[in-house]
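# Report on the structure
Spelled out, the chains give:
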Amino acid sequence: MKLAAAILIDGVIDASWLFIVAVGLTLVFGVLNILNFAHGSLFAVGAYAAASAVGWYYGGDLGPPFLGYLLMLGAALAVALALGPLLERGVLRFFYRRDEVVLVLVTYALFLILEDATKLIWGVESYYASEPYGLLGNVSFFGLSYVGYDFALIGLAVAAGLLLWLGLNRTVTGKIVLAVIHDRDISRAMGVNVTRVFAFAFTLGVFLAALGGAFTAPKISVQPGIGITVILLSFAVVVIGGLGSVEGAAIAALFVGFARAAAIHLVPWAELFIVYLVMALVLAFRPEGLFQRTSARKI
Amino acid sequence: MAAVVGTFATALIAFVVLALAGFAAPNWLVLVATLAFSKGLVALGIVALMRGGLISFGQGTFYCAGAYAAGLAMRSLGIGDAAMLVVLGAIAGLILGVIIAPLLAGYRGIFFATLTLALSMIVYGILNKTYSLGGSDGLNLHAPGFFGYRPARSQDASYALFLFTSFVTVAAAALCRIHFDSVRGLLPLAARDNEIRLEYLGASVRWVNGINFVIAAVLAGIGGALSALSLGHIDPDFAFWTTSGEFVFLAILSGYVSVTAVFVAAILLELVRSFSSQYFPNTWQGALGVFLLLIILFLPGGLGSLALRLRPSGAKSAPVPAEKRE
Amino acid sequence: MTALLETIGLQKSFGAVVAANDISVVVQSGQKLGLIGNNGAGKTTFVNIVTGHLKPDAGRVMLDGENITGLPPRQVRRNGVSRSFQIPQLFISMTLEQNLLMALAILREEGLSSWRPARSDARMAELDDLLGRFRLRQYRGQTIAVLPGGVRKLVDIAMAVTHQPKLLLLDEPTSGVAVEEKFPLMDVIMQAIEGSGATVLFVEHDMDIVGRYADRVLAFYAGRIIADGEPAAVLSNEEVQRYVTGGAA
């Protein structure tokens with residue numbers, strides 16, 4: 001019973017940061033039709049940036065402790081504003097007209113470059129940003145002790161999801177983004193500045209990745225190599241949920257979160273395998289994921 | 001028919017040239033070339049897949065399978081003959097390829113790429129924690145024999161392995177060339193452009209991709225076994241994503257027009273790597289990334305397409321990757 | 001004469017749109033059938049179902065008495081049913097020659113070779129013959145990407161007539177072709193298949209083409225067949241005039 005509760009709670013906590021990251025990935029796919037391989041590295045950059053900011057802030061004892069959270073948010077935003085436009089306008093847009101295969105290689109190349117860039121900037125040792133982790137005390141569920149921060153993370157994920165949904169469905173900008181998702185050519189013909197929507201959507205995607213990284217940083221040791229795990233997990237979430245679907249990403253994040261938690265408690269060596277097994281099972285029944293996009297007929 | 005005979009003749013000449021060159025070359029170059037050829041074989045498999053529009057980011061799975069098959073056969077079964085070990089590597093690749101091909105048959109593009117990557121990382125993860133197979137340290141191998149010949153001096157051993165590897169490489173390259181020019185070999189090029197039309201002409205795209213996948217798996221298994229013998233060591237890194245990524249880089253660098261280009265590129269890469277890892281250990285991946293972008297931008301057909309432009313007669317297979325069409 | 005093609009009660013819906021509503025058609029060998037109807041009437045859906053691209057929700061497709069319902073397109077092709085496309089479906093990065101070579105090379109009795117070169121003498125002779133019949137020789141070495149629409153249409157149709165299909169379905173063969181080229185194009189097609197005795201079904205919006213080349217016409221509307229008979233009779237049918245041709249034919 002305790003085990004089941006542990007798996008459930010761990011799963012939801014895991015699902016939180018997974019959702020934040022995956023929803024960024026699925027959004028970029030929906031708008032730009034690119035599955036950004038480098039998304040995992042952007043998570044890593046966010047984590048490193050937050051770790052540095054936190055280290056500087058708490059190390060120098062520069063102010064009230066809870067302001068540290070704002071700093072982490074700021075770090076994620078900084079990463080997004082620095083890298084989003086740079087990558088989209090500076091690299092990706094030269095390849096929009098090319099083969100799908102080429103775009104895969106381009107984002108893979110970006111992944112390689114970013115992985116080494118983080119090594120150059122932050123070195124190869126691990127960073128720890130543990131101060132924010134301890135600020136919210138501990139809670140107890142079913143006799144198991146949990147850190148308050150992890151539950152706040154759930155709150156962050158829910159807030160992010162709601163804001164995103166409201167933004168997409170209730171604001172003018174959001175509806176324009178939705179229009180571009182459905183059909184970029186028609187949107188262009190209707191006067192939408194699709195170029196700006198691309199840049200905006202990509203930057204938002206980077207922000208979400210960096211946000212996930214920034215707020216996960218206090219829980220982990222930030223070191224080289226976290227990027228690849230993140231891309232493999234968020235890819236699974238996006239595929240299970242259905243490409244381009246925000247709701248799908250939420251539900252899929254829960255699936256993957258639970259699967260991972262179960263694996264970690266029961267069969268730790270098969271952690272990644274279990275996640276992809278779940279994906280295979282979902283695809284067997286719903287080949288396009290839980291929330292499928294309608295596709296037009298081809299012939 | 002004449003073309004087939006011609007390809008074999010070229011292969012024979014190439015082998016003789018390599019044998020002579022290897023004899024005259026310094027030992028370190030022979031070692032580099034041997035390893036380069038083994039990796040080139042894996043890249044050749046990716047080229048076969050690329051002709052059909054698929055890119056596998058996880059050939060490390062089969063590379064690792066081939067290496068471990070050879071390594072375990074040597075340590076646990078006492079098999080010391082290089083040819084036997086390479087055959088076992090090929091069989092390991094074949095079996096895994098045949099099992100996995102149908103699972104991935106419905107996927108293309110980024111899906112296929114990431115699923116193959118995930119597979120290799122799963123294998124990596126499992127091997128890392130399997131202590132009976134050496135865990136993350138892996139296992140060491142001793143030098144192999146060649147049909148009973150066990151060279152005493154290490155220089156002779158290097159040359160013998162080089163000769164053996166060259167033979168396998170040249171044979172594989174010739175067979176691939178012949179296959180690419182055959183009727184079956186044209187199907188992937190068509191599938192890449194228009195799967196629906198290909199099906200309407202009577203061919204099965206699943207079979208086309210499946211066969212290419214198995215070919216790539218076998219080649220990777222052979223490459224893995226050869227690498228294992230060359231390095232004298234096997235470990236889970238054979239399945240790590242960076243290993244697989246390098247094979248992809250090689251395939252893109254060489255392009256899918258010329259088979260020879262793959263091995264030329266492989267040697268270039270090994271030479272650059274031995275230089276770079278001494279002076280710039282932390283930027284190797286990044287450098288590959290930058291080069292990948294440059295190649296895609298300025299030489300999308302790879303090095304092989306350069307050879308196309310130099311030769312007056314046209315190439316036998318289709319030209320560079322297409323622009324996206326509306 | 002035994003019916004070459006018989007569809008029995010074909011049903012197909014896409015959500016709320018009924019694309020095929022109890023389509024029952026009998027086609028005898030050797031007939032030249034025109035399929036007419038406004039956009040969305042279900043003509044291409046019919047072709048897609050017969051050739052196996054779509055599975056009907058209900059109903060059967062019989063070819064020479066054999067049930068071919070739900071077989072994938074490649075097997076339907078191997079049974080002798082071939083089609084061309086509304087928008088030419090070609091291998092765009094390959095040359096015109098290579099496109100036709102693909103069509104010629106795949107359906108061989110001895111199966112596909114893994115080592116025999118694609119450009120064998122026998123095949124090149126067949127290729128040359130095909131290029132000649134469709135008057136495509138001057139374009140043979142060019143990549144599809146640079147060829148104009150009319151030529152692409154011809155290539156698409158040329159690929160469909162290889163290997164003597166029993167039944168040839170042409171989806172809007174003259175759409176996108178200049179008015180003065182439509183008759184010459186249809187002449188080329190009909191000539192090219194003359195000797196093979198193929199049965200032809202062609203979807204068309206141009207009533208002049210239908211009148212000139214079809215000996216029987218099926219009119220579609222909202223997924224149903226509303227008229228079936230000789231061209232003159234169908235084209236002067238009141239319902240057909242109201243829903244399809246719009247006014248006196």
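Since this is a predicted model, take the numbers as computed values, not measurements. (Residues numbered from 1 in each chain as written. Chains lettered and ligands numbered in written order. Predicted model: local features only at pLDDT ≥ 70, side-chain atom pairs only at ≥ 80, totals over all residues.)

## What to know about the overall build of chain B
Looking only at helices and strands, one finds 13 helices and 2 strands in chain B. A principal-axis box enclosing the C-alpha atoms of chain B has dimensions of 60 × 45 × 40 Å. When burial is assessed residue by residue, chain B has 57% of its 326 residues classed as buried. The long-range fraction of contacts in chain B, counting pairs at least 24 apart against all pairs at least 6 apart in sequence, stands at 83%. (Helix = DSSP H or I, 4+ residues; strand = E, 2+ residues; numbered from the N terminus. Buried ≥ 20, exposed ≤ 12 C-beta atoms within 10 Å, placed from the backbone. Contact = placed C-beta atoms within 7 Å.)

## Digging into the overall build of chain C
Regarding its fold elements, chain C presents 9 helices and 10 strands. Taken over the C-alpha trace, chain C has a radius of gyration of 18 Å; the compact-globule value for 249 residues is 18 Å, and the two agree within 12%. For chain C, the spread of C-alpha atoms along the principal axes amounts to about 55 × 40 × 40 Å. For chain C, contacts bridging at least 24 residues in sequence account for 66% of all contacts bridging at least 6. (Rg over C-alpha atoms; globule rule 2.2 N^0.38 Å.)

## Looking at the sheet that holds strand E4 (residues 58-63) of chain C
Pairing between the strands of a sheet is mediated by backbone hydrogen bonds and can be parallel or antiparallel. Residues and elements named next belong to chain C. Strand order in the open sheet formed by 4 strands is E2-E1-E4-E5, with antiparallel pairing between adjacent strands. Here the strands that pair on one side only, and so sit at the sheet edges, are strand E2 (17-28) and strand E5 (66-67). Packing of helix H1 (residues 43-50) onto the sheet brings it into contact with strand E1 (3-14), E2 and E4, and relative to E2 it is tilted by some 65°. (Pairing = 2+ DSSP bridges. Axes fitted to C-alpha atoms, helices over the stretch in contact; angles between N-to-C directions.)

## A look at the interface of chain B and chain C
Contacts between the two partners involve 25 residues from chain B, matched on the other side by 26 residues from chain C. Those elements that provide at least two residues to the side of chain B that touches chain C are helix H1 (2-24), helix H6 (154-181), helix H7 (183-193) and helix H8 (195-200) of chain B. Per-element tally for the side of chain B that touches chain C: the top contributor is H7(B), with 6 residues. For the side of chain B that touches chain C, the class distribution of residues is 14 nonpolar, 5 polar and 6 charged. (Nonpolar A, V, L, I, M, F, W, Y, C, P; charged D, E, K, R; others polar.)

## Some remarks on the interface of chain A and chain B
Each side of the interface is counted separately: chain A has 30 residues, and chain B has 31 residues. Here the side of chain A that touches chain B takes 15 residues from helix H4 (residues 100-122) of chain A, the largest share from any one element.

## Looking at the confidence of the model for chain C
Averaged over all residues, the pLDDT of chain C is 89; the fraction at 70 or higher stands at 97%. Scored by ipTM, the complex comes to 0.91, with pTM at 0.89. (pLDDT = per-residue confidence, 0-100.)

## Overview of the sheet that holds strand E6 (residues 81-84) of chain C
Residue and element names in this part refer to chain C. Spatial strand order, E6-E7-E8-E3-E9-E10: 6 strands in an open sheet with mixed pairing. Lying at the two open borders of the sheet, with one neighbouring strand each, are E6 and strand E10 (224-229). Averaged over all neighbouring strand pairs, the angle between strand axes comes to 20°, with direction disregarded. Contacts between H1 and the sheet are confined to strand E3 (32-37), E6, strand E7 (167-171), strand E8 (199-203) and strand E9 (216-221), with E7 contributing the most and set at about 145° to the helix.

## As for helix H11 (residues 259-279) of chain B
Under the 1.5 Å per step criterion, the end-to-end length of H11(B) is 31 Å for 21 residues, consistent within 8% with the ideal 30 Å. Among the residues of H11(B), those classed as buried are B:Val259, B:Ala261, B:Val262, B:Phe263, B:Ala265, B:Ala266, B:Leu269 and B:Glu270. (Expected span 1.5 Å × (residues − 1).)

## Observations regarding unusual backbone geometry
Despite not being glycine, A:Asn33 has its phi angle at roughly 60°, a positive value. For A:Asn33, the position within the fold is in the loop between helix H1 (2-32) and helix H2 (39-59). Residue class for A:Asn33 comes out partly exposed when judged on the 14 C-beta atoms lying within 10 Å of it. Positive phi, close to 50°, is recorded for C:Ala222, a residue that is not glycine. Tracing the sequence through the fold places C:Ala222 in the loop between E9 and E10.

## Structural notes on H1(A)
Residues and elements named next belong to chain A. Relative to the 45 Å expected for 31 residues at 1.5 Å per residue, H1 spans 44 Å between its end C-alpha atoms, a close match to the ideal helical length. Bending of H1 peaks at approximately 30° at the position of phenylalanine 19. Most of H1 is tucked away: 23 of the 31 residues are buried. Just beyond H1, the residue with positive phi is asparagine 33, at close to 60°. (Bend = angle between axes of the 7 residues up to and from the residue.)

## What about the pairing of E1(C)?
All names here are of chain C. Pairing of E1 with E2, which is carried by 9 bridges, proceeds in the antiparallel orientation. The residue bridging glutamine 11 from the neighbouring strand is asparagine 21, located in E2. Taking the residues that link successive antiparallel strands as the turn, the E1-E2 hairpin has 2 residues, and the phi of glycine 15 there is positive, at about 65°. Sheet topology note: the E1/E4 ladder contains 5 bridges and is antiparallel. The residue of E4 that forms the bridge with glutamine 11 is alanine 58.

## Here we look at the packing of helix H3 (residues 60-76) of chain B against helix H5 (residues 109-129) of chain B
Residue and element names in this part refer to chain B. At their nearest, the axes of H3 and H5 sit 8 Å apart, and the two run at 35° to each other. Here Gly60, Thr61 and Cys64 of H3 lie close against H5, whose contacting residues are Leu119, Ser120 and Val123. Partitioning the contact of H3 with H5 into residue classes produces 3 nonpolar, 3 polar and no charged.

## Quick word on the packing of H1(A) against helix H9 (residues 194-216) of chain A
Residue and element names in this part refer to chain A. Where H1 contacts H9, the two axes come as close as 8 Å, and the packing angle between them is 165°. Classified by the angle their axes make, H1 and H9 are roughly antiparallel. Both H1 and H9 take part in a crossing whose hand is left-handed. In this structure, H1 uses Trp17, Ile20, Val21, Val23, Gly24, Leu25, Leu27, Val28, Val31 and Leu32 to contact H9, whose residues at the interface are Val197, Phe198, Ala201, Phe202, Leu204, Gly205, Leu208, Ala209, Leu211, Gly212, Phe215 and Thr216. (Parallel < 35°, antiparallel > 145°, perpendicular 65-115°, else oblique. Left-handed = near helix turned anticlockwise from the far one by under 90°.)

## Some words on the pairing of E6(C)
Residue and element names in this part refer to chain C. Here E6 shows two buried faces, one formed by Val81 and Arg83 and the other by Ser82 and Ser84. Strand direction decides the pairing type here: E6 and E7, joined by 4 bridges, are parallel. Counterpart to arginine 83 in the pairing with E7 is leucine 169.

## Considerations on the environment of B:Tyr200
As for its placement among the helices and strands, B:Tyr200 is situated in helix H8. A count of 27 C-beta atoms within 10 Å places B:Tyr200 in the buried class.

## Here we look at the confidence of the model for chain B
Per-residue confidence for chain B gives a mean pLDDT of 88, with 94% of residues at or over 70. In this model, residues 312-326 of chain B is a region of pLDDT below 50 whose contacts with residues beyond four sequence positions or in other chains number 28 contacts.

## A word on the environment of B:Gly138
Residue and element names in this part refer to chain B. Tracing the chain through its elements places glycine 138 in the loop between H5 and strand E1 (139-140). In the structure, glycine 138 is positioned 70 residues away from tyrosine 68 in sequence and 9.4 Å away in space, judged by C-alpha atoms. Not counting residues within four places of it along the chain, the set of residues in contact with glycine 138 comprises His233, Ile234, Asp235 and Pro236.

## Comments concerning the environment of A:Phe235
Residue and element names in this part refer to chain A. Relative to the assigned elements, phenylalanine 235 resides in helix H10 (residues 226-241). Among the residues examined, phenylalanine 235 registers 26 C-beta atoms within 10 Å and is labelled buried. For the pair phenylalanine 235 and alanine 284, spaced 49 residues apart in sequence, the C-alpha separation works out to 17 Å.

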